[in-house]
Amino acid sequence: MKHTELHINSGSRTWTLTEHQQQQVVLVFDDACTPDARELVFRLMGKEAQVDIIILVKRKAPELLQASLHVIHEAQNTKANVMAASVLDDSAAQDIRGIIHIQKGAKGADAFLSHRTLTLSATAKSRTEPILEIEEDDVKASHAGVTGPVDPEQLFYLQTRGVSTEEAQQVIAQGFLQAVMSKIQDPVILNKVKDLFK
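Residues numbered from 1 in each chain as written. Predicted model: local features only at pLDDT ≥ 70, side-chain atom pairs only at ≥ 80, totals over all residues. Heavy atoms only, no water.

(A) The arrangement of the side chain of Glu136 in detail. As for its position among the elements, Glu136 is in the loop between β10 (125–134) and β11 (140–149). Among the polar contacts listed, one links the side chain of Glu136 to the backbone nitrogen of Gly105, at a separation of 2.7 Å. At a separation of 3.0 Å, a polar atom in the side chain of Glu136 contacts the side chain of Lys107. Those residues in contact with Glu136, other than ones at most four positions away along the chain, are Ile102, Gln103, Lys104, Gly105, Ala106 and Lys107. (Helix = DSSP H or I, 4+ residues; strand = E, 2+ residues; numbered from the N terminus. Polar contact = N/O pair within 3.5 Å; in protein donor to acceptor, adjacent residues only side chain to side chain. Contact = heavy atoms within 4.5 Å.)

Pasting the structure below:
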């Protein structure tokens, strides 16, 4: 099992992974997060280093959340899996860049970046920018992302069972975040994150 660490409303910082090191990093951003732009850098410097990065955002605050995630593959057979989920309500706004950089010589690198955003109001705004910088041929690199409102069919289903619109949105938001939250391997950290998003 990978070593797991939790960071709540982290500022800029750099993680360095050495040969064969395996790590899971959970980054949580909520309304207590400062609006400062932050650079989150992961350097996979050793052969077969692996990192899972889980990003969970739940905000109503109007201040813009700005973050740049930069994953740099510097050695052979490194692996990075980035899974991000954001729930934005009221006038919350985010601007998140995700950069996967596979350097020359990092043969066998495997990188995936996914960022899904759920908007609970018409005034919530999201900008996500996935960037792939590939300097080596023998690699795998891909990204996926989607931003959208609550599915009206899900909302209607809950409302027909006596759940108010606001409560239904919160139930849907919890399920949306849970899909990524369930990837957290350390049960103590998982429970901490669940408590934060109650």
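(B) A look at the pattern of salt bridges. Tallied over the full model, the rule gives five salt bridges. Across the pair Arg127 and Asp95 runs a salt bridge, and its minimum N-O distance is 3.0 Å. Of this pair, Arg127 sits in strand β10 while Asp95 is found in strand β8 (residues 93–102), placing the two residues 32 residues apart along the sequence. Looking at Arg127, the relative accessible area reads 44%, which means it is partly exposed. Here Arg127 and Glu129 are joined by a salt bridge, their closest N and O atoms 3.4 Å apart. Given a relative accessible area of 26%, Glu129 falls into the partly exposed group. Among the ionic contacts, a cluster of salt bridges with common partners joins Asp95, Arg97, Arg127 and Glu129. (Salt bridge = Lys/Arg side-chain N within 4 Å of Asp/Glu carboxyl O. Buried < 20%, exposed > 50% of the residue type's maximum accessible area, 1.4 Å probe, protein only.)

(C) A look at the nonpolar core. In this structure, Leu27, Phe29, Phe42, Ile53, Ile55, Leu69 and Val71 are the most contacted members of the largest nonpolar core, which totals 29 residues. Broken down by secondary-structure element, the contributors of at least two residues to this core are β2 (13–17), β3 (22–29), β4 (38–44), β5 (50–59), β6 (64–73), β7 (79–88), β8 and β9 (110–119). Excluding anything up to four places from it in sequence, Phe29 contacts Asn9, Ser10, Arg38, Leu40, Ile55, Leu56, Val57, Lys58, Arg59 and Leu65. (Core = buried A, V, L, I, M, F, W, Y, C linked by side-chain atoms within 4.5 Å.)

(D) Geometry of the layout of surface pockets. Taken as a whole, the largest pocket spans an internal volume of roughly 190 Å³. Surrounding the largest pocket, 18 residues form its lining, Leu113, Ser114, His115, Thr128 and Pro130 being those nearest its centre. Only β5, β7, β8, β9, β10 and β11 provide two or more residues apiece to the lining of the largest pocket. Considered class by class, the residues forming the lining of the largest pocket number nine nonpolar, seven polar and two charged. Each pocket or cavity is described by its volume, and for the second largest pocket that value is around 160 Å³. Considering the residues around the second largest pocket, the lining is formed by Asp30, Asp31, Lys58, Arg59, Lys60, Val87, Asp89, Leu120, Gln170, Leu196, Phe197 and Lys198. Here the residues of the lining of the second largest pocket are counted per class, giving four nonpolar, one polar and seven charged. (1 Å grid on protein atoms, 1.4 Å probe; cavity = no way out; pocket = protein on both sides within 12 Å on 5 of 7 lines; lining within 4 Å. Points joined across faces, edges and corners; volume = space filled by probe spheres on them. Nonpolar A, V, L, I, M, F, W, Y, C, P; charged D, E, K, R; others polar.)

(E) Expanded view of the packing of aromatic side chains. Tallied over the entire structure, the rule returns one aromatic pair. Summarising the aromatic geometry, the rings of Trp15 and Phe42 are spaced 4.3 Å apart at their centres and angled 0 degrees between planes, so their arrangement reads as stacked. Of this pair, Trp15 sits in strand β2 while Phe42 sits in strand β4; the two residues are 27 residues apart in sequence, bridging distant segments of the chain. Residue classification places Phe42 among the buried residues on the basis of a relative accessible area of 0%. (Phe/Tyr/Trp six-rings, centres within 6.5 Å; stacked < 30°, edge-to-face > 60°.)

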